[in-house]
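# Results of the structural survey
Here are the chains, one letter per residue:
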Amino acid sequence: MKIPYRHRIQPDETVSSFVARALRLSASPSRPSALAEVLGGARVRLHPYMTAHLKTIGRQLDVSAEELLSRHTLYPLFKWFGFDKYRRLKKAMLSGHGGCAVIASGLPHSKLHFYEGLKVCPVCVREDRARLGYAYYKLSHQIPGIGACHEHACRLIGVSGGDFGYDRYISMPPIEMEPELCSPIETRLALFSHNALELAKSSPQPIDYHRIYHDFLRGKGLRTRAGHVRLRKLVCQIINAYEDYDFSDSLGMPETLGTFKFIGPLLRRKTHYRCHPAKHLLLAFWLLDGEANHYLAKIPKEKGRHLDISKERYGQEQLVLEFLEDGCSMRKIESTVGRSRSYIRHVAEIHGIPHGTNSMVYPEEIRRKVIALATIGMHRKTISSKTGVGVGYVEMVISNTPGLSQLRRDLRHQKKIEAAVEELTKIRSKHPGWLRKDIKSHCAASYFAIYNEDKELLETLLPPKTKPLPPGKNWQKEDARLSKALRALDLKPKTSLSEIDHLIVGHGFLLKHLNNLPLTASTLREMGVL
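Quick caveat: nothing in here was measured; it's all calculated off a predicted structure. (Residues numbered from 1 in each chain as written. Predicted model: local features only at pLDDT ≥ 70, side-chain atom pairs only at ≥ 80, totals over all residues. Heavy atoms only, no water.)

### Some thoughts on the overall build of the protein
- Across its full length, the protein carries 27 helices and two strands.
- Its C-alpha atoms give the protein a radius of gyration of 34 Å, more than 25% over the compact-globule value 24 Å for 530 residues.
- A principal-axis box enclosing the C-alpha atoms of the protein has dimensions of 110 × 60 × 40 Å.
- In the protein, which comprises 530 residues, the proportion classed as buried is 44%.
- For the protein, restricting intrachain contacts to residue pairs at least 6 apart in sequence, the fraction spanning at least 24 positions comes to 66%.
- Carbon and sulfur atoms make up 53% of the accessible area of the protein, which totals about 30300 Å².
- Where the 81 positive side-chain charges of the protein centre and where its 54 negative ones centre are 3 Å apart. (Helix = DSSP H or I, 4+ residues; strand = E, 2+ residues; numbered from the N terminus. Rg over C-alpha atoms; globule rule 2.2 N^0.38 Å. Buried < 20%, exposed > 50% of the residue type's maximum accessible area, 1.4 Å probe, protein only. Contact = heavy atoms within 4.5 Å. Areas by Shrake-Rupley, 256 points an atom, 1.4 Å probe, with all protein chains shown as cover. Lys, Arg positive; Asp, Glu negative; His and termini not counted. Charge placed at Lys NZ, Arg CZ, Asp CG, Glu CD.)

See the structure below:
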């Protein structure tokens with residue numbers, strides 16, 4: 001299909017918007033035949049921002065498929081946050097089925113309910129019609145959770161396609177719309193998301209957002225020296241920052257994100273999993289102080305601690321040993337080698353060389369008794385009281401006896417395992433009806449101590465495995481929620497039950513499980529739907 005130059009795809013236009021304009025220009029007698037001509041089939045669905053069939057669309061409308069992918073979909077944003085490690089998403093969007101692209105993007109697995117249609121700004125429509133003669137859907141308006149226009153500080157308006165969202169029915173932006181001002185924080189969040197999208201378009205590789213987030217957390221005092229996140233303090237601060245944000249707006253962020261429980265899995269390294277871009281934008285907008293360019297800041301690598309195992313160190317130890325064997329004083333050895341007297345005394349005692357410091361005032365018999373008691377795992381203070389020497393002397397003897405410190409660590413570990421076995425045995429006899437998960441939750445320390453050491457031993461201590469049962473549905477709670485949502489609706493005449501179910505996020509319960517929802521059914525009768 002030949003597209004006139006003035007109707008070529010705009011720099012910030014979505015693919016579905018360009019296809020809608022192309023269908024309008026085709027002057028086809030029927031919409032299915034036009035779709036069949038452009039998309040190769042009349043039953044193809046187009047997602048608002050993760051559009052598939054890009055190779056077919058590009059070939060029919062004379063546009064590069066790679067350009068459509070990287071400039072006119074939200075693929076760069078998803079890729080930026082690590083959603084296309086194996087290029088499955090790119091492959092699905094270029095040539096795959098629309099459902100494959102949605103699944104590869106992780107949208108169904110995020111369990112977040114965003115607006116499923118297209119979003120448009122009334123002021124942008126008015127300006128585009130005056131400038132170009134037609135209006136179009138802008139890509140930055142389609143970012144999930146963004147319900148404001150960053151240019152005009154007004155709320156976006158949703159335009160639903162067929163099937164209550166994206167579908168085979170693609171319409172142009174409506175003309176008669178009145179702008180409505182939004183809150184300043186919504187505008188700033190929309191501007192930050194727009195800038196992040198532009199950065200993602202120009203970035204060939206995903207970002208290391210873990211390093212970026214942790215560096216800025218350290219700057220705000222929300223990260224310890226050991227690398228741990230002060231999560232409770234972080235959540236309190238970010239909730240206060242979003243105090244004026246409306247999480248109940250149907251076009252904005254869903255209410256489930258208002259608790260910010262996603263921050264822990266997003267920031268942790270060991271238990272981390274990829275998160276929806278909307279979660280990144282919510283966190284980063286506050287953390288990066290609304291400046292998307294901070295994503296590109298050069299973060300210095302942290303210098304990890306390492307032991308000095310150079311040849312010079314071992315050479316110094318040999319040199320100290322030679323001076324000691326020659327009978328040199330500690331003062332001379334300290335000034336010549338440059339090591340402390342504690343180190344020199346440590347080398348002397350490890351190799352059994354006598355010296356004239358206070359640690360030698362006790363007879364050899366006392367030293368052997370301290371070693372014997374330490375070997376059986378006795379506590380330092382107990383050894384001190386039994387032998388009549390100080391705790392410091394006991395610690396020095398233990399550290400200067402080769403292999404004794406490691407032996408005591410092994411004994412403590414074995415004692416810990418024995419105590420864990422005893423605790424699990426007692427809890428099993430006290431609560432014979434408990435399942436494995438109950439024992440694990442009440443005795444987590446003992447459970448994992450044995451788990452990390454001997455899994456076969458743990459199996460002998462736990463009750464037999466039981467077949468897992470799916471959690472039951474709380475129909476009473478769901479019935480109250482759906483009934484409340486129904487009463488808040490302003491229904492148009494002859495609205496179908498399936499559309500009502502979609503509007504209140506009913507998960508199909510109004511169609512399949514209405515017999516379990518008596519309060520909801522009564523509300524539907526009062527509204528004249530049933």
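### Quick look at the environment of Glu 395
- By secondary structure assignment, the location of Glu 395 is in helix 19 (residues 391-400).
- When the C-alpha atoms of Glu 395 and Thr 256 are compared, they prove to be 55 Å apart, with 139 residues separating the residues in sequence.

### A short note on the environment of Asp 215
- Here Asp 215 shows up in helix 10 (residues 209-219).
- Sequence-wise, Asp 215 and Gly 227 are 12 residues apart; in three dimensions their C-alpha atoms are separated by 10.0 Å.
- Here Arg 218 takes part through its side chain, which lies 2.7 Å from a polar atom of the side chain of Asp 215. (Polar contact = N/O pair within 3.5 Å; in protein donor to acceptor, adjacent residues only side chain to side chain.)

### A look at the side chain of His 141
- Within the element layout of this structure, His 141 appears in the loop between helix 8 (122-132) and strand 2 (157-159).
- Taking the relative accessible area as the measure of exposure, His 141 reaches 2% and is therefore buried.
- Dropping the residues within four chain positions of it, His 141 is found in contact with Lys 119, Val 120, Cys 121, Cys 124, Ile 146, Cys 149 and Leu 156.

### Section: the pattern of salt bridges
- Per the stated rule, a full pass over the model turns up 16 salt bridges.
- A salt bridge links Glu 66 to Lys 90, with the shortest nitrogen-to-oxygen separation between them at 3.7 Å. Placement of the pair is Glu 66 in helix 4 (residues 65-71) and Lys 90 in helix 6 (residues 88-95), with a sequence separation of 24 residues.
- The partly exposed category is assigned to Glu 66, whose relative accessible area is 39%.
- Between Arg 155 and Asp 249 there is a salt bridge, and its shortest N-O distance comes to 3.5 Å. Of this pair, Arg 155 sits in the loop between helix 8 and strand 2 while Asp 249 is found in the loop between helix 11 (231-241) and helix 12 (263-267), placing the two residues 94 residues apart along the sequence. For the pair formed by Arg 155 and Asp 249, the shared burial category is buried.
- Members of the salt-bridge network, linked through shared partners, are Arg 155, Glu 180, Glu 186 and Asp 249. (Salt bridge = Lys/Arg side-chain N within 4 Å of Asp/Glu carboxyl O.)

### Digging into the nonpolar core
- With 81 residues, the main nonpolar core has Phe 81, Tyr 213, Tyr 242, Met 253, Leu 282 and Tyr 295 as its most contacted residues.
- Setting aside residues up to four positions removed in sequence, Met 253 forms contacts with Phe 114, Pro 144, Gly 145, Leu 189, Tyr 245, Phe 247, Ala 278 and Leu 282. (Core = buried A, V, L, I, M, F, W, Y, C linked by side-chain atoms within 4.5 Å.)

### Concerning the packing of aromatic side chains
- Applying the stated criterion across every chain, the model contains 20 aromatic pairs.
- Arranged with centres 5.8 Å apart and planes meeting at 40 degrees, the rings of Phe 260 and Phe 262 form a pair that is tilted. Here Phe 260 matches Phe 262 in class, with each residue buried.
- Here Tyr 447 and Tyr 451 contribute two aromatic rings whose centre-to-centre distance is 6.3 Å and whose plane-to-plane angle is 10 degrees, an arrangement assigned as stacked. Of this pair, Tyr 447 and Tyr 451 both sit in helix 22 (residues 444-453), four residues apart, which is roughly one turn of that helix.
- An aromatic cluster of at least three residues, connected via ring pairs, comprises Trp 80, Phe 81, Phe 192, Tyr 209, Tyr 213, Tyr 242, Tyr 245, Phe 247, Phe 260, Phe 262, Phe 285 and Tyr 295. (Phe/Tyr/Trp six-rings, centres within 6.5 Å; stacked < 30°, edge-to-face > 60°.)

### Points about the packing of helix 1 (residues 15-26) against helix 3 (residues 54-61)
- At a minimum axis distance of 12 Å, the contact between helix 1 and helix 3 shows a crossing angle of 40 degrees. In terms of axis orientation, helix 1 runs oblique to helix 3. Crossing hand, helix 1 versus helix 3: left-handed. Residue-level inspection shows Val 15, Phe 18, Val 19 and Ala 22 of helix 1 in contact with helix 3, the latter providing Leu 54, Ile 57 and Leu 61.
- The class makeup of the residues in the contact of helix 1 with helix 3 is seven nonpolar, no polar and no charged. (Axes fitted to C-alpha atoms, helices over the stretch in contact; angles between N-to-C directions. Parallel < 35°, antiparallel > 145°, perpendicular 65-115°, else oblique. Left-handed = near helix turned anticlockwise from the far one by under 90°. Nonpolar A, V, L, I, M, F, W, Y, C, P; charged D, E, K, R; others polar.)

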